[in-house]
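Structural features, examined
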Amino acid sequence: MIFFIFAANHVYSTWKEYMSRELSYAVILAESTGAFISQDQISSLYHTNDIEHNDRYIFLKKSLQNLEDSVPQVSSAYLLSKIDGKVHFLVDSANREKINDSANSAFFPDEKEDHILQFFEGGAPSPNGSVHNDGEITSVYAPVLSNTNGDATAVIGIDYYTKALRAEAMKRALNSTMTVLALFILLLAGYMIIIKNVCIQSIGEKLQESEYLLKNVFQRIPVGIAAGNRFGNFSEINPTFEKIIGWSKEQLKGCDWKKITHPDDLPQNIEKYEKFIKREVSEYSIEKRVMRYDGSYSWISFEVAALDESGEDDRLHMWIIQDINERKIAKEALEESERSKSVLLANLPGMAYRCLYDRKWTLLFVSEGCYELTGYRPEDLVNSKERSFNDLIKEEYKETLWLEWGRILAQHSTFRSEYFITTASGESKWVLETGQGVYRSDGSVEAIEGIIIDISNLKKKEEEIQYINDHDHLTDLYNRQYFEKKLSGMNKKENLPLSILVADINGLHLINEAFGQHEGDLVITKSARIIQGCCREKDITARIGGDEFGIIMPQTGNTEAHELLDMIKEACVRYNENNRSRSPEINISMGYSTIEEELELVEDAMKTANEYMRNRKLFSQQSSYSDIISSIMTTVYEKSQETEKHAERLAELSTKTGRMLNLMEKDLGELQLLGMLHDIGKIGIDDKILNKPGKLTEEEWVIMKRHPEIGYRIAKASHKLSRIADYILSHHERWDGAGYPKGLKGEDIPLLSRILAVADAYDAMTEDRVYRKAMSKKQAIEEIKKNSGSQFDPLIAKIFIESVLMEEDCLPPGK
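Residues numbered from 1 in each chain as written. Predicted model: local features only at pLDDT ≥ 70, side-chain atom pairs only at ≥ 80, totals over all residues. Heavy atoms only, no water.

As a further point, take the pairing of strand 10 (residues 317-323). Pairing analysis gives 5 bridges linking strand 6 (residues 224-230) to strand 10, with the strands arranged antiparallel. Note that in strand 10 the partner of Gly228 across the bridge is His317. Relative to strand 10, strand 9 (residues 297-306) runs antiparallel, the two being bridged by 7 bridges. In the sheet register, Phe302 faces strand 10, and the bridge partner there is Ile321. (Pairing = 2+ DSSP bridges. Helix = DSSP H or I, 4+ residues; strand = E, 2+ residues; numbered from the N terminus.)

See the structure below:
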């Protein structure tokens, strides 16, 4: 490389030197020519009108032509001048001069003209400034200087053929190249001699390296290799062989290969070995298990080949073994996995499939679960032999599935859809299909793979759950959530006019308190049945609150809605007439509203219906509460020994005592009402306890003592009775604080409750009971006196006795 660099530099320097010399000669020639041209000759050319007949012009032109003819390399010679800032030809051997024609400057490119103008402007050209190369022509310039001031009056120019100008330099460069080439050949010959010697030395070294490498490879190759005339008697064995087979070279001496071969693999091994010994084959291979030195078995690939054809005893063999234990284990695992997959497919609650992407869904493969799912054998559906899978899909799902698969395959995503199929027996089944496309290298769909499972039971469960979510568990009507969801979407043209009716059970809270939650639930259920029985199939009936119902009536005007309201009222009346004294009466307040235009809001309609219902409830509430109270008291009288006569006597005794205490009429009215309803809470006590002839047990007394609290809650539930609720709660309190339920004492006990306590005790003592006979009035008065100050308020007890005695005195004889 150094030589080539040196040689190239030498040839280039030679060429450059001679080229520079040729250019120098050309410049000298131009300068010499310019030296022979005088100032007068140039001036005379400016002051003549007939230049072609000017002697000096003819002389100069002929001189330039002689120069062109005498020097073969010269293309043309010319004299240039500056006129009006432009370069013009004065004399030209090629006849290009026209002094008065300004177009002459067109012969000079801008860069060339600027170069020549430097001579006229007193500038000194660069070292190569006298030479200009235009490709095929090389121009040389020299100034013609004035004798007076030394300025350039004209410029002599000589154009050379570039190729001719360079010919001498190229000749010299070629000679230099030949010299260098000769030196290179001598150098190459010497180099080849040296290389040959080096190669001989290198081959020896490589032979040593190869021997070392071969030995290294033999020792390190991940394949077991051994050579010898029989197994165990190895002349060469590498460590990998010992590692794979699990025996060392020394341990293998005298070892019989049959003893370390697994019994299951031995017959095949013996068969191949005998063919090899008989020289029927020159080599054989087998995959077998060998027993390692530690007693464990390992899978190996075992190959034996004969290395020569000498006598049988001296025949040289080569053994090659590879460890395939992991591969075999992996293969067994894969086979087990395939077996498991097969079992899975066979027991899949549906079928796995592979099909074409066509309108028939042509099946290429389908698992055995196909029969259980569809009732058709796999062979009946594969390639659409008996019928295509598309025939099993319900008509309304076919186009939807085709479009959805198209979208999924375009996105290379996973398909999932539920639809109906019809089995061979005509049964309809819900199925869930999941699958994905199999694509070719160009992105087109090759097939579709997936599974289809039976979800009919799941769908049934979902429907049951949905039913539970949409329905009220007590009445089996729709619930509020469903009602509101439906109502929000009903305000459409096809449903107009749309009527909404709301209903509320009057006195349900009072019924719950009096008869218990169970009886209240029965009232709700029966009310729901009554309402549902009056509605049409297209109506949506729902329980929208504890005691509230809602009805959506599409295509129903105001008149029809009012008719439904009247039907429900009449149904309630009929129910109450047929169920007298068996359960609380059902009284329902209702209101409705009708939407005539789409722009009307359902919320406003609901508000109007509720306002209508509340107004009607105000009118009917008083009578409904009275009916319920009457029903409660009737039930109390039926359950216990108390009678309506007892309540009336108690009201009369209490009122007399109140009058003697100068109570106001309002208080006397409440005292009379208290006398009638003080035991209303006994409706919540078991009949067996109420009517027990003997003494109550401790547990029974605890239950019995609850009736004032039950009565209190019932009274509180009615705005009409709420004013006597506290009196009912306290009517079993004692003056000494030993009463129940709160253990109030003295004047902390309400006055009306204290009055009632004396009257109630007196009437109870003077009337027969199942567990005792009635006392005389005298005995009863003595008992009241005895318990005055402890059980009874002393003042009230005294006044009560006086009122009773006064009544006795006023009685006619014999009464």
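Quick look at the packing of helix 1 (residues 2-35) against helix 5 (residues 162-220) now. One can describe the packing of helix 1 onto helix 5 by two numbers: an axis separation of 8 Å at closest approach and a directional angle of 160°. By the criterion of interaxial angle, the relationship of helix 1 to helix 5 is roughly antiparallel. The crossing of helix 1 and helix 5 is right-handed. For the contact of helix 1 with helix 5, a count of residues per class yields 16 nonpolar, 4 polar and 4 charged. (Axes fitted to C-alpha atoms, helices over the stretch in contact; angles between N-to-C directions. Parallel < 35°, antiparallel > 145°, perpendicular 65-115°, else oblique. Left-handed = near helix turned anticlockwise from the far one by under 90°. Nonpolar A, V, L, I, M, F, W, Y, C, P; charged D, E, K, R; others polar.)

Enumeration according to the criterion identifies 23 aromatic pairs in this entry. Ring centres of Trp247 and Tyr293 lie 5.1 Å apart, and the angle between their planes is 85°; on these two criteria the pair is classed as edge-to-face. Taken together, the residues Trp247 in the loop between helix 6 (239-245) and helix 7 (249-252) and Tyr293 in the loop between strand 8 (283-291) and strand 9 connect sequence positions 46 residues apart. Aromatic pair Trp361 and Trp405: ring centres 6.4 Å apart, planes at 50°, arrangement tilted. Of this pair, Trp361 sits in the loop between strand 11 (350-355) and strand 12 (363-366) while Trp405 sits in helix 13 (residues 395-411), and the two are 44 residues apart along the sequence. The exposure class assigned to Trp361 is buried, which follows from its relative accessible area of 6%. Put simply, the rings of Phe231, Phe234, Phe241, Phe302 and Trp319 pair up and form one aromatic cluster. Stacked on the ring of Phe302, the Lys or Arg Lys288 has its end atom at 4.4 Å from the ring centre. (Phe/Tyr/Trp six-rings, centres within 6.5 Å; stacked < 30°, edge-to-face > 60°. Buried < 20%, exposed > 50% of the residue type's maximum accessible area, 1.4 Å probe, protein only. Lys NZ or Arg CZ within 6 Å of the ring centre and 35° of its normal.)

What follows covers the sheet that holds strand 15 (residues 445-454). A sheet is described by the order of its strands in space; here 5 strands give the open sequence 12-11-15-14-13, paired in antiparallel fashion. The two strands at the open ends of the sheet, each matched to only one other strand, are strand 12 and strand 13 (415-422). Strand-to-strand twist in this sheet, taken as the mean axis angle between neighbours without regard to direction, amounts to 30°. Relative to strand 14 (residues 428-439), strand 13 runs antiparallel, the two sharing 8 bridges. Looking at strand 14, one finds that Thr422 is bridged to Ser428. Across the sheet, helix 13 touches strand 11, strand 13, strand 14 and strand 15, and the angle it forms with strand 13 is around 160°. (Contact = heavy atoms within 4.5 Å.)

With that settled, the discussion passes to the packing of helix 2 (residues 39-46) against helix 3 (residues 55-70). It is at 9 Å that the axes of helix 2 and helix 3 come closest, and there the two elements cross at 120°. As far as their axial angle goes, helix 3 and helix 2 are oblique. Two packed elements cross with a definite hand, and for helix 2 against helix 3 that hand is left-handed. Facing Asp40, Gln41, Ser44 and Leu45 of helix 2, the residues of helix 3 in contact are Arg56, Tyr57, Phe59 and Leu60.

Moving on to empty space enclosed by the protein. Tallied over the entire structure, the rule returns 3 cavities of 30 Å³ or more. Space inside the largest cavity adds up to approximately 90 Å³. Within the residue set of the lining of the largest cavity, elements represented by two or more residues are strand 11 and helix 13. Partitioning the lining of the largest cavity into residue classes produces 10 nonpolar, no polar and 1 charged. (1 Å grid on protein atoms, 1.4 Å probe; cavity = no way out; pocket = protein on both sides within 12 Å on 5 of 7 lines; lining within 4 Å. Points joined across faces, edges and corners; volume = space filled by probe spheres on them.)

One pass over the structure, following the stated rule, counts 25 salt bridges. The salt bridge partner of Lys459 is Glu418, with a shortest N-O separation of 2.8 Å. Of this pair, Lys459 sits in helix 14 (residues 456-470) while Glu418 sits in strand 13, placing them 41 residues apart in sequence. You can call Lys459 buried: its relative accessible area is 15%. Since its relative accessible area comes to 32%, Glu418 is described here as partly exposed. One salt bridge in this structure joins Glu700 and Lys692, with 2.8 Å as the shortest N-O distance. On the accessibility criterion, Glu700 (19% relative accessible area) is buried. (Salt bridge = Lys/Arg side-chain N within 4 Å of Asp/Glu carboxyl O.)

To continue, consider the side chain of Ser417. Relative to the elements of secondary structure, Ser417 occurs in strand 13. Among the residues examined, Ser417 registers a relative accessible area of 19% and is labelled buried. Beyond its immediate sequence surroundings of up to four residues, Ser417 is in contact with Leu401, Val431, Leu432 and Glu433.

Right, let's talk about the nonpolar core for a bit. Among the nonpolar cores identified, the biggest contains 42 residues, and Leu674, Ile714, Leu752, Tyr762, Ile784 and Phe800 are the most heavily contacted of them. Here the element with the most residues in this core is helix 26 (residues 751-765); it accounts for 8 residues. For Phe800, the contacting residues outside a window of four places in its chain are Leu653, Thr657, Val758, Ala759, Tyr762 and Ile784. (Core = buried A, V, L, I, M, F, W, Y, C linked by side-chain atoms within 4.5 Å.)

A few words on the sheet that holds strand 19 (residues 588-595). With antiparallel pairing, 4 strands are arranged side by side in an open sheet as 17-18-16-19. Unpaired on one side and paired on the other, strand 17 (540-543) and strand 19 mark the two borders of the sheet. The mean inter-strand angle of the sheet, taken between neighbouring strand axes irrespective of direction, is 15°. Pairing analysis gives 4 bridges linking strand 17 to strand 18 (residues 548-553), with the strands arranged antiparallel. Following the sheet pairing, Ala542 is matched in strand 18 by Gly550. Most of the contacts of helix 15 (residues 480-488) go to strand 18, to which it runs at about 30°, and overall it touches strand 16 (498-505), strand 17 and strand 18. Across the face of the sheet, helix 17 (residues 517-534) comes into contact with strand 16, strand 17, strand 18 and strand 19 while running at roughly 15° to strand 18.

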